[in-house]
Amino acid sequence: MADALVAGGWGLFAGAALLVGAVVGAFFSVPARWVALIMAFGSGVLISAVSFDLVAEAHEQGGLAPTAAGAVAGATLYSLANVALARRGARHRKRSGGQQPSEREQPGSGSAIAVGALLDGVPESVVIGTSLFGGGSVGTATVAAVFLSNLPEGLASATGMQRAGRSRVYVFTLWSAIAAVSGLAALAGYTLLDGASGTTMAAITALAAGAILAMIADTMIPEAFEQAHLLTGFTTVLGFLTAFVLSHG
């Protein structure tokens, strides 16, 4: 029980970065170029975590077949859900510019954005929970990767939401709820999957990895490239190396 609560606490900590980013975006005027560079850095951090902490671990636990199948399934499920949400107004939920529709322009888009935020955050949190199995310590690189990537996500999304006419109360309530759900998802990942076979764990871990990688390509990198352009690749590599050092330090 204690380990489950620790897992939930780490998930809540990583998810809280969304709220921190939202507060910064709501009260401070951060240049769009800086938001994009932070988003690119966060993308690199997550790509590194997916590569070295998730896919590599899944392969070690269950081999190539469940790892590949899980990753494809995760990317497929995420992409299908993302398409459905995009049609309801959540396509640009991580954009800081004027791309997000207002509720008047597209009724129901606020709810779609909220569901999209859940879709983006839950796979990361489940992985944080499963990293505590066997009495091990939570993966520092994984938590750092999720935290560092959530900061620019919250910042960019909050800025875009306010430009679409959504109130600060809506923004802060949304990200507070997502942070709480992140903690619950980490707790659930630990509680429900503890004792699962290596093949099952490989498939679940790879499924989360596939969903996260699809999310990076669909939502984070487009926001980064739109404003940072030629600096996007360089900044993404810096984020990648930062997470690599954390996981191999």
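Calculation notes
Residues numbered from 1 in each chain as written. Predicted model: local features only at pLDDT ≥ 70, side-chain atom pairs only at ≥ 80, totals over all residues. Heavy atoms only, no water. Helix = DSSP H or I, 4+ residues; strand = E, 2+ residues; numbered from the N terminus. Buried < 20%, exposed > 50% of the residue type's maximum accessible area, 1.4 Å probe, protein only. Contact = heavy atoms within 4.5 Å. Areas by Shrake-Rupley, 256 points an atom, 1.4 Å probe, with all protein chains shown as cover. Axes fitted to C-alpha atoms, helices over the stretch in contact; angles between N-to-C directions. Parallel < 35°, antiparallel > 145°, perpendicular 65-115°, else oblique. Left-handed = near helix turned anticlockwise from the far one by under 90°. Nonpolar A, V, L, I, M, F, W, Y, C, P; charged D, E, K, R; others polar. Expected span 1.5 Å × (residues − 1). Phe/Tyr/Trp six-rings, centres within 6.5 Å; stacked < 30°, edge-to-face > 60°. Core = buried A, V, L, I, M, F, W, Y, C linked by side-chain atoms within 4.5 Å.

What to know about the overall build of the protein chain
Phase 1: Helix and strand content of the protein chain: 8 helices and 0 strands.
Phase 2: Secondary structure of the protein chain in N-to-C order comes out as α-α-α-α-α-α-α-α.
Phase 3: Of all 249 residues assigned to the protein chain, the portion counted as buried reaches 49%.
Phase 4: For the protein chain, the proportion of contacts with a sequence separation of at least 24, taken over those separated by at least 6, is 85%.
Phase 5: Of the roughly 10800 Å² of accessible surface on the protein chain, a fraction of 70% belongs to carbon and sulfur atoms.

Some words on the packing of helix 2 (residues 32–62) against helix 7 (residues 198–228)
Phase 1: One way to put it is that helix 2 packs onto helix 7 with a least axis distance of 8 Å and a crossing angle of 165°. The pairing of helix 2 with helix 7 is recorded here as roughly antiparallel in orientation. Classified by chirality, the crossing of helix 7 by helix 2 is left-handed.
Phase 2: Grouping the constituent residues of the contact of helix 2 with helix 7 by class yields 24 nonpolar, 8 polar and 2 charged.

Digging into the side chain of Ser125
Phase 1: Within the secondary structure, Ser125 is located in helix 4 (residues 109–130).
Phase 2: Ignoring sequence-local partners within four residues, the contact set of Ser125 consists of Ser182, Ala185 and Ala186.

Considerations on helix 2
Phase 1: The end-to-end C-alpha distance of helix 2, which contains 31 residues, comes to 43 Å, matching closely the 45 Å that a straight helix rising 1.5 Å per residue would cover.
Phase 2: Note on helix 2: the residue one or two positions beyond its end, Gly63, has a positive phi of about 95°.

Points about the packing of helix 1 (residues 2–27) against helix 6 (residues 168–193)
Phase 1: At their nearest, the axes of helix 1 and helix 6 sit 7 Å apart, and the two run at 160° to each other. It follows that helix 1 is roughly antiparallel to helix 6 by the angle criterion. In terms of crossing hand, the pair formed by helix 1 and helix 6 is right-handed.
Phase 2: Along the lines of polarity and charge, the residues of the contact of helix 1 with helix 6 split into 20 nonpolar, 7 polar and 2 charged.

A few points about the packing of aromatic side chains
Phase 1: Taken as a whole and judged by the stated rule, the model has 5 aromatic pairs.
Phase 2: With 5.9 Å between their ring centres and 25° between their planes, Phe27 and Phe172 make a pair best called stacked. Remark: Phe172 occurs in helix 6 and Phe27 occurs in helix 1; sequence separation between them is 145 residues.
Phase 3: A relative accessible area of 46% means that Phe27 is categorised as partly exposed.
Phase 4: Between the aromatic rings of Phe52 and Phe244, the centroid separation amounts to 5.0 Å while the plane-to-plane angle is 65°, which identifies the pairing as edge-to-face. Highlighted residues: Phe52 in helix 2 and Phe244 in helix 8 (residues 231–248), separated in sequence by 192 residues.
Phase 5: Ring-pair connections join several aromatic residues into one group, and the members of that group are Trp10, Phe13 and Phe147.

Concerning the nonpolar core
Phase 1: If you look at the biggest cluster of nonpolar residues, it comprises 23 residues, and the most contacted ones within it are Leu46, Leu54, Ile212 and Met220.
Phase 2: Contributions of two or more residues to this core are made by helix 2, helix 5 (140–163) and helix 7.
Phase 3: Here this core gets 9 residues from one element, more than from any other, and that element is helix 7.

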